[in-house]
Every structure is written in C-alpha cells, then in structure tokens.
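Coordinates in review
Here is what each chain is made of, one letter per residue.
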Amino acid sequence: MELDALIEKVGDLPTLPTVVARINREMENESLTAHGLGVIISEDSAFTSRILRLSNSAFYGMPKQISSVDKAVTILGFDTVKNLALSLSVYSFFKGGRETVIDIPGLWNHSLACAVCTKLLIAKSSRKLAEEAFLFGILHDIGKMLLINNNLADMENVLRISRDRGITQNEAEREIFGFTHQKAGARLAKKWKFPGNIVMGIKLHHDLPPEIKKLAPETAALVRALCVGNQMAKALSLGISTNPHRRDIPVIMWKSLHVNRNELPKLSVKMKEDFNMILRDWGND
Ligand SMILES: [Fe+2]
Ligand SMILES: [Fe+2]
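Summary of the structure given here.

**Examining the coordination of the iron ion (ligand 1)**
- Only D141 (OD), H181 (NE2), H205 (NE2) and H206 (NE2) from the protein reach the iron ion (ligand 1) as donors, at distances of 2.1 to 2.2 Å.
- Taken together, the four donor atoms coordinating the iron ion (ligand 1) and their angles of 86 to 177° define a geometry best described as irregular.
- Here the donor residues of the iron ion (ligand 1) share one chain and are spaced in sequence as D-x39-H-x23-H-H.

**Some details on the state of the cysteines**
- Going through the model one piece at a time under the given rule, you end up with zero disulfides.
- Among the cysteines around C117, which has no disulfide bond, C114 carries the closest sulfur, lying 6.9 Å off.

**Description of the packing of helix 1 (residues 3-10) against helix 9 (residues 142-150)**
- At their nearest, the axes of helix 1 and helix 9 sit 11 Å apart, and the two run at 80° to each other. In terms of orientation, helix 1 lies roughly perpendicular with respect to helix 9. In contact with L6, I7, K9 and V10 of helix 1, helix 9 contributes L146, L147 and N150.
- Per-class residue counts for the contact of helix 1 with helix 9 are five nonpolar, one polar and one charged.

**Here's the deal with the pattern of salt bridges**
- Scanning the entire structure with this criterion turns up eleven salt bridges.
- We note a salt bridge from D4 to R187, for which the minimum N-O separation is 2.6 Å. Remark: R187 occurs in helix 12 (residues 181-191) and D4 occurs in helix 1; sequence separation between them is 183 residues.
- Given a relative accessible area of 41%, D4 falls into the partly exposed group.
- For E218, the salt bridge is made with K128, and the minimal N-O distance between the two is 2.3 Å. Residue E218 is found in helix 14 (residues 217-235), and its partner K128 is found in the loop between helix 7 (104-123) and helix 8 (130-139); the two are separated by 90 residues along the sequence.

**With respect to the coordination of the iron ion (ligand 2)**
- Those protein atoms acting as donors to the iron ion (ligand 2) are H110 (NE2), H140 (NE2), D141 (OD) and N230 (OD1), and they sit at 2.2 to 2.3 Å.
- The coordination sphere of the iron ion (ligand 2) comprises four donor atoms, whose angles at the metal cover 83 to 172°; the geometry is irregular.
- Positions of the donor residues of the iron ion (ligand 2) along the chain correspond to the pattern H-x29-H-D-x88-N.
- The metal-metal distance between the iron ion (ligand 2) and the iron ion (ligand 1) is 3.8 Å, with D141 serving as a donor to both. One end of the pair, H110, is in helix 7; the other, D141, is in the loop between helix 8 and helix 9, with 31 residues separating them in the sequence.
- Judged by relative accessible area, H110 falls into the buried class, the value being 1%.

**As for the environment of F177**
- The residue F177 is located in the loop between helix 11 (169-176) and helix 12 in this model.
- C-alpha of F177 to C-alpha of N151: the two residues are 26 residues apart in sequence and 9.6 Å apart in space.

**Here's the deal with the side chain of E131**
- Within the secondary structure layout, E131 lies in helix 8.
- What makes E131 buried here is its relative accessible area of 15%.
- A distance of 3.4 Å separates the side chain of E131 from the side chain of T80, its partner in a polar contact.

**Some remarks on unusual backbone geometry**
- Note that the residue after L208, namely P209, is joined by a cis bond; omega there is -10°.
- When you line up the elements, P209 lands in the loop between helix 13 (196-204) and helix 14.
- Of note, K193 is a non-glycine position whose phi angle comes to about 65°, a positive value.
- Topologically, K193 is positioned in the loop between helix 12 and helix 13.
- Among the residues examined, K193 registers a relative accessible area of 41% and is labelled partly exposed.
- Of note in the backbone geometry, H258 takes a positive phi value of approximately 60° without being a glycine.
- You can see H258 is positioned in the loop between helix 15 (251-256) and helix 16 (264-282).

**A short note on helix 13**
- Taken together, the buried positions of helix 13 are N197, I198, V199, G201, I202 and L204.
- The inward-facing, buried residues of helix 13 abut helix 8, helix 9, helix 12 and helix 14.

**Digging into the packing of aromatic side chains**
- This structure, assessed with the given rule, holds eight aromatic pairs.
- Centre to centre, the rings of F59 and F134 are 6.0 Å apart; their planes meet at 45°, and the pair counts as tilted. Here F134 lies in helix 8 and F59 lies in the loop between helix 4 (45-55) and helix 5 (69-76), a separation of 75 residues in the sequence. By the burial criterion, F59 is buried, and F134 matches it.
- Ring centres of F177 and F179 lie 5.8 Å apart, and the angle between their planes is 20°; on these two criteria the pair is classed as stacked. Pair check on accessibility: F177 and F179 agree, each one buried.
- Feature note: the residues Y91, F94, W108 and W282 constitute an aromatic cluster, connected by ring pairs.

Parameters at a glance
Residues numbered from 1 in each chain as written. Chains lettered and ligands numbered in written order. Predicted model: local features only at pLDDT ≥ 70, side-chain atom pairs only at ≥ 80, totals over all residues. Heavy atoms only, no water. Donors = N, O, S within 2.8 Å, 3.2 Å for Na, K, Ca; no water. Tetrahedral: all angles 85-135°; square planar, octahedral: opposite > 155°, others 65-115°. Disulfide = S-S within 2.5 Å. Axes fitted to C-alpha atoms, helices over the stretch in contact; angles between N-to-C directions. Helix = DSSP H or I, 4+ residues; strand = E, 2+ residues; numbered from the N terminus. Parallel < 35°, antiparallel > 145°, perpendicular 65-115°, else oblique. Contact = heavy atoms within 4.5 Å. Nonpolar A, V, L, I, M, F, W, Y, C, P; charged D, E, K, R; others polar. Salt bridge = Lys/Arg side-chain N within 4 Å of Asp/Glu carboxyl O. Buried < 20%, exposed > 50% of the residue type's maximum accessible area, 1.4 Å probe, protein only. Polar contact = N/O pair within 3.5 Å; in protein donor to acceptor, adjacent residues only side chain to side chain. Phe/Tyr/Trp six-rings, centres within 6.5 Å; stacked < 30°, edge-to-face > 60°.

This is the structure in structure tokens:
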C-alpha cells in the first residue's frame, strides 16, 4: 500500500479535527496566545463544557471550582489547557461507530492510560515536560486509528495473522501494508502540523531503547518516557491495546528516567489512580 496516498487522502479536513488544525497552525506561526486559545475553545459550547469538566477533574487536583476557560488557563496553565484541547479534539478521531472486532474504545483507553503513565514518568525528571508528555501518550497509536478508519479489513487481518502465526503486530503490518502504525502515525501527525518532537515520539514508541543519539535532550527524555509509558499501560492492564504483547524495559531506560525500581509499586498505584480519575471525567459523549 502507498502510505503517501493514504496520508494525502485523510490529511485534510474534515477528518482533521478543527481545533487541532487551528491550534497547531497558530503554534507553528508562534502566534497562539492565551486569549486566542480561549477564543478557539469558546466557539464551541459543547467543547467548552468538556474542557471545564476535565479542568475540574480530581486528576488535576485543583481546590477551587474552575468556571470559565479563562480561569482554566490562569489556574491550570496555558500548556495544560492547550494540550487538553488537542487531546479532546484528537479523541474525535477514535470514534466512528463502525462494526469491527477491534476494540476501539479499549484502544482509546490505552492511549489515555499511556498519556497518564508517560506524564508521571517524565515528571520524575522534568516537571515542565509533563503536559507535553500527556499529549505524546494520547497520540502515540494514532497510526492504528488511521489504518482502522481507512483500511479496516486489512487492519483486522493484521491482528488475525499476528495472533494466528505468532508474529508481532509490526511484522504483520509490514506484510499487509508495507509499513508500521508508528510510521503511518508519524506521517499523519506531521501532516496535522504537530511539533517535530511528537512526530519523533510516535515514530519511535516501540523501540526499546530508542535510537535517540541525534535527538535534542528534551525530545529524547519525552521519547524514553513514552516508550516506557506504553509498556506500563499494558503491564497495568489500563485500557486495551490492539497488541497485548509486552516488551521488557531495559534497566538503562529506568535509569535515564530517574526511576528507582523499588519505587515502581508506588508509581504503579499512582498510575492506576490517575487513569481512573481522568477516565471518569473524560466521559463518553
Ligand atoms: Fe504502538
Ligand atoms: Fe500503544
């Protein structure tokens, strides 16, 4: 299959969530302000109420009720609200209501769990990257949704042959499509104008340890957290990835994330708690 043609087909509106298009375009031009972000969100009242519901989630632990988008930006911060808006908007790509054996709500929950785990992992070494890490998790398997939305029968076939022949999902993807969901997802995120570090995260999220020599230090840290966050979401059975196969996490990855192995039980409990909190307030409308 021709990946270029697939990306060309789905890259433009209306499949591209409008909020993503507007935020990413203004981010790219460095013209997105807190006020502008508020305007983009406030134009859609259903979207606004979902942003507010999530802003008030115990996941963010704010003591006071947040009653407006402006307050959300002031209290939670610009990056948090921006990434929440992007995440909510990407969520629309995970809905479709088609008849399939693939557990799409489970895949969304896996993405949300990966977001929570990646955020907690990066926070051990860098608090300022935590919000970006959340978005890395939300987007990491976007390539799977691209293939489900556009080539459902082939994607079902990928899962079938991977299970029946005991090959990895990536091997089956290469056989059926000629490329992996990481590659497809990275291309889609690039087309949708997500920043280069997120594109890199999507591309490398199955590589343990990832080839990070040429990456800027912050991107490298985010990519490492994402690779481990993805495995943790699976290990803790939070959500359902289409690929139940788990990889061992090399010791060097834990070290680079500043996570001591004996902290893992406590960190795992926190991952589960945070996932359940955000899942409850995410809703399914
Ligand atoms: Fe993946
Ligand atoms: Fe995943």
